[in-house]
Amino acid sequence: MPSIRLGDLLVKANVVSESQLKTALGEQQKWGGRLGEILVRMNLVTEDMLVRALSKQLNVPSVNLEAVREVPAKVRARVPVDIARDLNALPLQLRDDDQTLVVAMTDPQQPRHLELLRTVSRCRVVPQLAGRQALARAFTRIYDDRADLGEDVEGSFKLVDAQGHTIVKNAAELERRRSTGPAAPDARAPPPASAEGAVGAALPPGRAPGELLKALEAAQQREVSALKAMVELLIAKGVFTREEYLAKVRR
């Protein structure tokens, strides 16, 4: 018997109304993306509500990553950090004499991701569902500034400008920028992206990395809204069609 669709599940649970679901589906039709993440971005559901609904829909157990403060080094070593970040997968625990690896994932039913995790870890993989933002915060707590990762490994997120230049790599760097103040401008460097200004204005010094990441997420959501408005204007003026835009971003 097929599982109930996420939108219908949320309506049935009185989490969202029919009209709110239709609005979110309209956004999905316009811009693509996952319905659950669109609902979170529109502040119609919290990420925790979404994870609980998806856990029921997919029949995959969820995990509370806010309660995870440390992961043993031998567990982390089973999955290279760059692969873990690319797959949005955080190794949590080894079981069955280190033959089974429990992994928190944002997409626990992606076969290629699961196969890659099995290959690199040489373990049976048991996925648990986690929200994207909760998983990013967990990466910040567990991986950032650890000596065993070395200096060249980036943090749990990157903020880039319109040309693809990295502005901020991780919460530790963001905290250093806020505590030391802006660096002197480089005449050769491109002008800063508006997102950096929004982040700088929103983040006073002395805040914990988790709080910094939450503020960064809010700033990025504002940038997404501004980008959507600009694209809508360009479509309305006939610069390109919506189909051309979607075909380009889906490459």
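That block above? That's the structure.
Residues numbered from 1 in each chain as written. Predicted model: local features only at pLDDT ≥ 70, side-chain atom pairs only at ≥ 80, totals over all residues. Heavy atoms only, no water.

S.K.: I'd like a rundown of unusual backbone geometry, residues and numbers included.
M.R.: Of note in this structure, Asp 96 is not a glycine but carries a positive phi near 50 degrees. Despite not being glycine, Asp 97 has its phi angle at roughly 55 degrees, a positive value. Mapped onto the elements of the fold, Asp 97 is located in the loop between strand E1 (89–95) and strand E2 (100–105). (Helix = DSSP H or I, 4+ residues; strand = E, 2+ residues; numbered from the N terminus.)

S.K.: How would you summarise the nonpolar core if you had to cite specific residues and measurements?
M.R.: Of all hydrophobic cores here, the largest spans 28 residues; its most connected members are Leu 65, Leu 90, Leu 92, Ala 104 and Leu 117. Secondary structure elements with two or more residues in this core: helix H6 (81–87), E1, E2, helix H7 (111–121) and helix H8 (132–143). For this core, the leading source of residues is H8, giving 5 residues. In contact with Leu 92, not counting residues within four places along its chain, are Val 63, Leu 65, Val 68, Val 71, Pro 72, Val 75, Val 102, Val 103, Ala 104 and Gln 128. Counting 18 residues, the second-largest nonpolar core is a separate cluster that includes Leu 9, Val 11, Ala 24 and Val 45. (Core = buried A, V, L, I, M, F, W, Y, C linked by side-chain atoms within 4.5 Å. Buried < 20%, exposed > 50% of the residue type's maximum accessible area, 1.4 Å probe, protein only. Contact = heavy atoms within 4.5 Å.)

S.K.: Kindly report on the sheet that holds strand E3 (residues 124–129), identifying the contributing residues and their values.
M.R.: Taking strand neighbours across the sheet as the criterion, the 3 strands line up as E1-E2-E3 in an open arrangement whose pairing is mixed. The outermost strands of the open sheet, each flanked by one partner alone, are E1 and E3. Strand-to-strand twist across the sheet, computed as the mean angle between neighbouring axes with direction ignored, equals 30 degrees. Of the strand pairs in this sheet, E2 and E3 are connected by 6 bridges, and their pairing is parallel. Bridged to Met 105 within E3 is Leu 129. Relative to the sheet, H8 contacts E1 and E2, its axis offset from that of E1 by approximately 65 degrees. (Pairing = 2+ DSSP bridges. Axes fitted to C-alpha atoms, helices over the stretch in contact; angles between N-to-C directions.)

S.K.: With reference to specific residues and values, describe the pairing of E1.
M.R.: A large share of E1 lies buried, amounting to 5 of its 7 residues. Inspection of the sheet shows E1 paired to E2 by 6 bridges, in the antiparallel sense. The residue bridging Gln 93 from the neighbouring strand is Val 102, located in E2. Hairpin geometry of E1 and E2 is characterised by an intervening segment of 4 residues between the two adjacent antiparallel strands and by a positive phi of about 50 degrees at Asp 96.

S.K.: Residue-level account of helix H2 (residues 18–31), with values.
M.R.: Look at H2: 20 Å from first C-alpha to last across 14 residues, which is about the 20 Å you get at 1.5 Å a residue. Regarding H2, the residues found buried are Leu 21, Ala 24 and Trp 31. Seen end-on, H2 carries its buried residues on one side only, within an arc spanning 110 degrees. Opposite the packed face of H2, turned more than 90 degrees from it, sit the exposed residues Lys 22 and Gln 29. Of the residues one or two after H2, Gly 32 is the one with positive phi, at around 75 degrees. (Expected span 1.5 Å × (residues − 1). Arc of directions from axis to C-beta.)

S.K.: Outline the pattern of salt bridges, supporting the account with residue identities and numerical values.
M.R.: A pair can form between side chains of opposite charge whenever their charged atoms are brought close. The full count for this structure, using the stated rule, is 8 salt bridges. Across the pair Arg 132 and Glu 37 runs a salt bridge, and its minimum N-O distance is 2.8 Å. Here Arg 132, found in helix H8, pairs with Glu 37, found in helix H3 (residues 35–41); they are 95 residues apart in sequence, far enough to count as distant. Residue Arg 132 is classed as partly exposed on the basis of its relative accessible area, which comes to 35%. Accessibility expressed as a relative area gives 32% for Glu 37, which makes it partly exposed. The salt bridge involving Arg 137 is made with Glu 66; its shortest N-O contact spans 3.0 Å. Here Glu 66 lies in the loop between helix H4 (47–58) and helix H5 (73–76) and Arg 137 lies in helix H8, a separation of 71 residues in the sequence. A relative accessible area of 33% places Glu 66 in the partly exposed class. Sharing partners across several salt bridges, the network here consists of Glu 66, Arg 137 and Arg 141. (Salt bridge = Lys/Arg side-chain N within 4 Å of Asp/Glu carboxyl O.)

S.K.: Can you explain the packing of aromatic side chains? Please cite residues and give values.
M.R.: The relative placement of two aromatic rings is captured by the distance of their centres and the angle of their planes. Under the criterion given, the structure shown has 1 aromatic pair. Relative to Tyr 143, the ring of Phe 139 lies with its centre 5.1 Å away and its plane at 25 degrees, an arrangement referred to as stacked. In this pair, Phe 139 and Tyr 143 both sit in helix H8, 4 residues apart, roughly one turn of the helix. Classification of Tyr 143 by relative accessible area gives buried; the value is 2%. (Phe/Tyr/Trp six-rings, centres within 6.5 Å; stacked < 30°, edge-to-face > 60°.)

S.K.: Can you lay out the environment of Val 224 for me, pointing to particular residues and giving the numbers?
M.R.: In this fold, Val 224 is placed in helix H11 (residues 209–236). In this structure, the C-alpha to C-alpha distance between Val 224 and Arg 41, residues 183 residues apart in sequence, is 9.6 Å.

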